[in-house]
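Chain by chain, the residues:
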Amino acid sequence: MDSNRYHSLDAMRGLLMLLGIYFHIAIFHYSESLLGLIAMSTHYFRMHAFFLISGFFSALVLYRKGHYEMLNNRFTRIFLPLIIMVWPIWILNNFTSKFNELRYEKNILESLIQSFSKFFTNPLENFMPWDTGHLWFLSLLFGMSLLSYLMRNRLSNNYILKLSQRSVLLIFDRPWIGMLIFCSSYSLLLLVLNKFEAQGEGGWSSWIWFFKGNGIKTFIAFSFFYFIGWQMYHYRDKIIDLSVRQYLKIWFFLSILINIPLYSLYSAGYNNPIPWMNEVHRNIYNLNENLQKQKVTFMIDMSGEIVVEGSGDTASVYVCVAELGNPSGIKMKDIGNGIWSASVDLNPGIYHYKFRNGFHIDWEGEPSGWEVRDQIGKGGCGYGQYNNRKFKLKDKDITLGVFCWSDCTDCFGNEIPAAFYEKDFETVIVERVFIFLLNFLVPAYIMLVLALFIRFCSKPSKRLKYVSDSAYWIYIIHLPLTFFIPAFFHQSEINMFLKFIISSFIVTVICFLTYHYFVRKTFIGKFLNGKKYK
């Protein structure tokens, strides 16, 4: 597979990035619909495949132009665009996300005015990019480039690298065995990392992800595919022989293989720790008659706090359950003596929550009515990046509280056992099994998609080349548009699927127009892609 045969890989990388437009529109605005489910199905393998292709092209640059040129290329094409583009994108994201939230209740003009005013209430937060946002992958990709540079110079004779090369060769020479090893290796890696998905639980978008445990785990998970792609470069002549029929058979067989233990777990009464996935899988397996919702009662003592209105009409307290996806949360009832209570029926699973003083329409960080995360963390009942409270719902109703505000105890200092999330041995084992099973098919999807692109996109195509060239710019600028454009339809009675199609079309057109007229033939295009078209 020589240089004129890389059209398929280039097209795959570009289209994977363009999928981000439709993924974010669906997740931001239609997450609880079929569109959200379809979007999440692409999320299952999309970024993993992107890193695999990136590893292949990084190896190409290194072996063609040398070590220093590879590192310089990654610095100028990845790190510099991240540093320069993140600031304007951060500002646009803050404005458009606020506009999106306001449009659910306010008209267009009011939403625009209040969105602009947001920047003057907290300018430091709104103008300074405190994390990398949706450009997180550039930070991780540059880190992988640095690591690959060091590995090539100092670990070229390493036994593990040679073993990985032989394992990758099996994917092409003996695909059934090779794919079984590929899938098992990735699942075992996630099991060891104790991570349900590569991009879960935050930390990876931080500028200093390498100082955050979960950020490092995400880096390791995606690096797995980056270095598989790197090793595939050594067998680039074999890539053209990938058979769609062969990898479709492998995908189908492995899908059946992995669904047998999944079905057995659900039938035995075990629940997927991810609540929405638990419900989806039980629907697929027709086991929802065994899935009964349980009542969860939240209670908080506000006797030492002043309850405020926030953006609402009355002073109230809310409980926000992260898995429900509503930043405003569930409105609680004042039952006397400063105690507020709210009940909700939930499916079995693991949930994260916090109490919030006043009505708020977004996920903004502290203060914004939230409990104080540091105080919760010090008390020992805060979990994850944001020190959220956490509980596991099984097969019976539970009551959480009465907590004192931002505390793990009641307001008299008495410990509340329900404040602390503890795993028994059985829960730990079941969670690890779910981690293995849920990630097993990721490589199978990637190789099937790769085979499809090899089959249908190997010949030169001006249209695909144009799309590939534009994809970098489009991915950088698309996120503010995915907030902004769909927001105009929030109060419309148009069918949801039609809203999605119209919004997607408008966002896509704007992205391509800006690329064609402001990027492709300008210094911006040269900055991003290394050349300027005439």
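Below, the structure is looked at part by part. (Residues numbered from 1 in each chain as written. Predicted model: local features only at pLDDT ≥ 70, side-chain atom pairs only at ≥ 80, totals over all residues. Heavy atoms only, no water.)

Overview of the nonpolar core
The biggest cluster of nonpolar side chains holds 115 residues, and the ones touching the most others in it are Phe51, Phe137 and Met232. The greatest single-element share of this core, amounting to 12 residues, is contributed by helix α3 (residues 46-65). Among all residues touching Phe51, those that are not within four sequence positions of it are Trp136, Phe137, Leu140, Leu141, Met144, Phe222, Phe225 and Tyr226. Counting residues in each nonpolar core, the second largest holds 25 residues, with Met302, Leu346, Phe391 and Trp405 among its members. (Core = buried A, V, L, I, M, F, W, Y, C linked by side-chain atoms within 4.5 Å. Buried < 20%, exposed > 50% of the residue type's maximum accessible area, 1.4 Å probe, protein only. Helix = DSSP H or I, 4+ residues; strand = E, 2+ residues; numbered from the N terminus. Contact = heavy atoms within 4.5 Å.)

What about the sheet that holds strand β1 (residues 294-301)?
Pairing is mixed in the open sheet, where four strands are placed in the order β4-β5-β1-β8. A single partner strand is all that each edge strand has here, and the edge strands are β4 (333-336) and β8 (398-404). Averaged over all pairs of adjacent strands, the angle between strand axes in this sheet comes to 25 degrees, irrespective of strand direction. (Pairing = 2+ DSSP bridges. Axes fitted to C-alpha atoms, helices over the stretch in contact; angles between N-to-C directions.)

Some points on the packing of aromatic side chains
In the structure shown here, the tally under the stated rule is 53 aromatic pairs. Here a set of aromatic residues connected by ring pairs shows up, and it is made of Tyr6, Phe56, Phe57, Tyr63, Tyr226, Phe227, Trp230 and Tyr233. One Lys or Arg, Arg13, reaches over the ring of Phe57 and ends 4.3 Å from the middle of that ring. (Phe/Tyr/Trp six-rings, centres within 6.5 Å; stacked < 30°, edge-to-face > 60°. Lys NZ or Arg CZ within 6 Å of the ring centre and 35° of its normal.)

Examining the sheet that holds strand β3 (residues 330-331)
Pairing between sheet strands relies on hydrogen bonds along the backbone, with the strands arranged either parallel or antiparallel. Read across the sheet, four strands follow the order β3-β2-β6-β7 without closing on themselves; strand pairing throughout is antiparallel. Whereas interior strands pair on both sides, the edge strands pair on one side only; in this sheet they are β3 and β7 (389-393). As paired elements, strand β2 (residues 317-321) and β3 share two bridges and run antiparallel to each other. Counterpart to Val319 in the pairing with β3 is Ile330.

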